[in-house]
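# Observations on the three-dimensional arrangement
The chain contents come next:
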Amino acid sequence: MSRKYIDVMDTTFRDGFQSVFGGRVLMDDFMPAVAAAREAGITHFEFGGGARFQSLFFYLNENAFDMMDRFREVAGPEANLQTLARGVNTVMLDTGSRELIDLHAKMFKKHGTTTIRNFDALNDVENLKYSGERITHHGLKHEAVVTMMDLPPGCSGAHDVAFYEKTLREILDAGIPYDSICFKDASGTSSPQKVYETIKMAKKLLPENTHVRLHTHETAGVSVACYLAALEAGADGIDLAASPVSGGTSQPDILTMLHAVKGKNFDLGGLDIEKVLKYQEVLQESLKDYFMPPEATQVSPLIPFSPMPGGALTANTQMMRDNNILEKFPEVIKAMREVVEKGGYGTSVTPVSQFYFQQAFNNVMFGKWNKIAEGYGKMVLGYFGHTPSSPDSDIVNLASEQLKMEPTTKNAIDIADADETKSLKYTQNILENEGLEINDENLFIAASCKEKGIAFLKGEAKVNVRKIDKNVKQENVSVANSNGEYTVVVNGEKFNVQVSEGLDASVEVKSVTSAAPSAPVKTASGTENITASLPGSVFKVIANVGDSVKEGDVIIILEAMKMEIEIVAPKDGVVASINVNEGQSVENGQVLATI
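Here is a short report on the structure shown in this document.

The rules behind these values
Residues numbered from 1 in each chain as written. Predicted model: local features only at pLDDT ≥ 70, side-chain atom pairs only at ≥ 80, totals over all residues. Heavy atoms only, no water. Helix = DSSP H or I, 4+ residues; strand = E, 2+ residues; numbered from the N terminus. Buried < 20%, exposed > 50% of the residue type's maximum accessible area, 1.4 Å probe, protein only. Contact = heavy atoms within 4.5 Å. Areas by Shrake-Rupley, 256 points an atom, 1.4 Å probe, with all protein chains shown as cover. Expected span 1.5 Å × (residues − 1). Arc of directions from axis to C-beta. Phe/Tyr/Trp six-rings, centres within 6.5 Å; stacked < 30°, edge-to-face > 60°. Axes fitted to C-alpha atoms, helices over the stretch in contact; angles between N-to-C directions. Parallel < 35°, antiparallel > 145°, perpendicular 65-115°, else oblique. Left-handed = near helix turned anticlockwise from the far one by under 90°. Nonpolar A, V, L, I, M, F, W, Y, C, P; charged D, E, K, R; others polar. Salt bridge = Lys/Arg side-chain N within 4 Å of Asp/Glu carboxyl O. Bend = angle between axes of the 7 residues up to and from the residue. Core = buried A, V, L, I, M, F, W, Y, C linked by side-chain atoms within 4.5 Å. Pairing = 2+ DSSP bridges.

## Digging into the overall build of the protein chain
Along the protein chain, the regular secondary structure elements total 19 helices and 22 strands. Considering the protein chain as a whole, with its 595 residues, one finds that 54% of them fall into the buried category. Taking contacts inside the protein chain between residues at least 6 apart in sequence as the whole, the part at least 24 apart equals 73%. For the protein chain, the accessible surface area stands at approximately 25,100 Å², while carbon and sulfur atoms represent 48% of it.

What follows is the structure, given as structure tokens:
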């Protein structure tokens, strides 16, 4: 009896990099591994899109379009090169206008893409209509997606087989053109039985010979069991990655899955174990200098309670490392459960997963529900589409009050079209004012990456890649090895201390001084210090020295965890000093300005 051929997409160079390194891998480092994968017989790659578009401009000072062109050259003309798109968000965290959605498909076709996997995190089919139509219009294959996860225990109302059948029927009834269907579980929290029943449902509902595949992550520890369940139910394709960016927060390893189907009637991509071993050796050599976050290799039993996708988990921990607040991560993950429960059950996949994380982060850092994250607030208010279930009414009211926005039932794409700042003309004016060349690539980079895209185009972007320091035996989060003054916390109480290198056993502590709080404090001259409410970087300085301001006016905008945090005047007055510059990193409690 002949074995059923199963298409294997190698996610190493997109989701693997995103799930393990937060997307921060330089193209010169990994291109030899692409050649090795081709030699191993791999012909279907996920090679871009998702967070691996913006991250190249944000952290690598690389042009994602250049990377895609090089990948096509190395992978060969016949390879199926696939990218990930977020419906009306394409590769952005915010909704795009129709102009931007069309330009996304046009540019990705131009730069070597064969197939675009296209999903909406809310499973709002309205958000797939125009994006799917433009993908096929520009000659690309469209893989339409139903997003999956398990709800936290005790929750119901979405994310069961009936809900996925309803979503799939809506895709079919809407007449959205598609070449294949994918069930995408970015958090890896769906149970194998639910996967089996879902794939069975889809194979029965869809026209005969429709290509159906499953995407999942190992984060919750059940990915191999889910893939086996999907294959037994009739799935035609699965996604796998290569070591060292497989397992943990990523997809199951190619070799692991080859072993799992031994004795079964499945041929995984016609792959040969010995050739895959050689490919993985090249990949491991290519990535040997990269810092491997410990959490990227772990399976977490808490993920089904707080469904954090593997592709977002390490991106967030890397940002927390950058800001020296990694110790807060367990608290944030724990806080996610309530955020998901009250948010309307959008699937925990970008951008919704980031909204969940940002709100959980705010609940930990600022107190529960004291600060509604903009993305989370706009989601529960309806600005990104219809959530699967109604969000908690109290949270909706809080979001409306804090963001000063009313709930809406308008389509997200229509809201974006009405926003002048999302028009190509608006972006073109920015490029002209900056003296930058006007072309389709630059327009899309500037529109999708905002200020950071402009910084890249002006040659001002920085490289922020975490590689291993051969002289350091353990991870260096923020260890001071030089003289200085620091604030330490002892039993919950803050103290200012002076630190010097070396140990002097004769030193005795004579006295301690309580540290100043991070809230604005009056100085001897009668002015007040305006301090950072959390670590981050200075995104924009709004006020100038000498400006008259009112209480609540924005003085400075910080950026942390992909959020913009407004630092406002604590009182009416005149700005006496601005103590930071744009792009500067700041610590919690650091003085930013005085008034």
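Let's pick the thread back up.
## Comments concerning helix 6 (residues 126–137)
The end-to-end C-alpha distance of helix 6 is 18 Å, a good match for the 16 Å that 12 residues give at a rise of 1.5 Å each. All buried positions along helix 6 are accounted for by N127, L128, S131, G132, R134 and I135. All buried residues of helix 6 lie within an arc of 165° about the axis, which places them on one face of the element. Contacts made by the buried residues of helix 6 are with helix 5 (98–110), strand 4 (115–118), strand 5 (141–147), helix 7 (161–173) and helix 17 (412–417).

## Things to note about the packing of aromatic side chains
Enumeration according to the criterion identifies 22 aromatic pairs in this entry. Taking the centre distance of 6.1 Å and the plane angle of 85° together, the rings of F65 and F108 count as edge-to-face. In this pair, F65 is assigned in helix 4 (residues 64–75) and F108 in helix 5, connecting sequence segments 43 residues apart. When sorted by exposure, F65 lands in the same class as F108, which is buried. Residues F108 and F444 carry aromatic rings whose centres are separated by 6.5 Å and whose planes lie at 75° to one another, so their mutual orientation is edge-to-face.

## Observations concerning the packing of helix 14 (residues 352–366) against helix 15 (residues 374–381)
Across the interface, helix 14 lies against helix 15 with an axial gap of 7 Å and an inter-helix angle of 120°. Relative to helix 15, helix 14 is oriented oblique. Once helix 14 is placed against helix 15, the crossing between them reads as left-handed. In this structure, helix 14 contributes V352, F355, Y356 and Q359 to the contact, and helix 15 contributes G375, Y376 and M379. Its residues placed into classes, the contact of helix 14 with helix 15 shows five nonpolar, two polar and no charged.

## Section: the pattern of salt bridges
Within this structure, the stated rule accounts for 31 salt bridges. Notably, a salt bridge pairs D236 with K4, separated by 3.2 Å at the nearest N-O pair. Taken together, the residues D236 in the loop between helix 9 (223–233) and strand 8 (237–240) and K4 in strand 1 (residues 4–10) connect sequence positions 232 residues apart. Residue classification places D236 among the buried residues on the basis of a relative accessible area of 15%. The exposure class assigned to K4 is partly exposed, which follows from its relative accessible area of 30%. A salt bridge links E126 to K129, with the shortest nitrogen-to-oxygen separation between them at 2.7 Å.

## Examining helix 13 (residues 329–342)
With 14 residues, helix 13 extends 20 Å from end C-alpha to end C-alpha; this agrees with the ideal 20 Å at 1.5 Å per step. In the structure, helix 13 departs most strongly from a straight axis at M336, where the bend amounts to approximately 25°. When helix 13 is considered as a whole, its buried residues turn out to be F329, V332, I333, A335, M336, V339 and V340. Phi turns positive one or two residues past the end of helix 13, at G344, with a value near 100°.

## Some words on unusual backbone geometry
Of the consecutive residues S243 and P244, the connecting peptide bond is found in the cis state with omega at 15°. Secondary-structure assignment places P244 in the loop between strand 8 and helix 10 (254–260). The linkage connecting T350 with the following residue, P351, adopts the cis geometry, with an omega of 5°. Inspection of the secondary structure assignment puts P351 in the loop between helix 13 and helix 14. Of note in this structure, N123 is not a glycine but carries a positive phi near 55°. In this fold, N123 is placed in the loop between strand 4 and helix 6. In this structure N123 comes out as buried when scored by relative accessible area, which is 8%.

## Overview of the side chain of E295
For E295, the location among the structural elements is in the loop between helix 11 (273–286) and helix 12 (310–322). For E295, a relative accessible area of 12% translates into the label buried.

## Some words on the environment of V224
Here V224 lies in helix 9. The exposure class of V224 is partly exposed, given its relative accessible area of 23%. As for V224 and P252, which are separated by 28 residues in sequence, their C-alpha atoms are 6.6 Å apart. In this structure V224 touches E218, P252, T256, M257 and A260, once residues within four positions along its chain are discounted.

## Some words on the nonpolar core
In terms of nonpolar packing, the biggest core is built from 165 residues, with F13, F30, F71, F183, Y279 and Y376 touching the most fellow members. Among the elements that take part in this core, helix 19 (residues 440–457) stands out by supplying nine residues, more than any other. Contacts of Y376, omitting those with residues within four sequence positions, involve V339, K342, G343, F355, Y356, Q359, W369 and I395.

## A word on the environment of I199
By secondary structure assignment, the location of I199 is in helix 8 (residues 192–205). Among all residues touching I199, those that are not within four sequence positions of it are F183, V212, A230, A233, G234 and A235.

## Here's the deal with the pairing of strand 22 (residues 591–594)
Where strand 14 (residues 528–531) lies against strand 22, three bridges are found, and the strand directions are antiparallel. The residue of strand 22 that forms the bridge with N529 is T594. Summarising the sheet, strand 20 (residues 577–578) and strand 22 pair through two bridges and their orientation is antiparallel. Bridged to I578 within strand 22 is A593.

## Some thoughts on the packing of helix 18 (residues 424–433) against helix 19
Look at helix 18 against helix 19: their axes get within 10 Å of each other, and the N-to-C directions meet at 35°. For the pair helix 18 and helix 19, the sense of crossing is left-handed. On helix 19, the residues that touch L424, T427, Q428, I430 and L431 of helix 18 are N442, L443, A446, A447, I454 and L457. In terms of residue class, the contact of helix 18 with helix 19 is built from eight nonpolar, three polar and no charged.

## Concerning the environment of E170
Looking at the secondary structure, you find E170 in helix 7. On the basis of relative accessibility, which here comes to 30%, the residue E170 falls in the partly exposed class. On a C-alpha basis, the gap between E170 and N123 in space is 9.8 Å, while along the polypeptide they are 47 residues apart.

Functional significance is not addressed by these values, which are geometric in nature.
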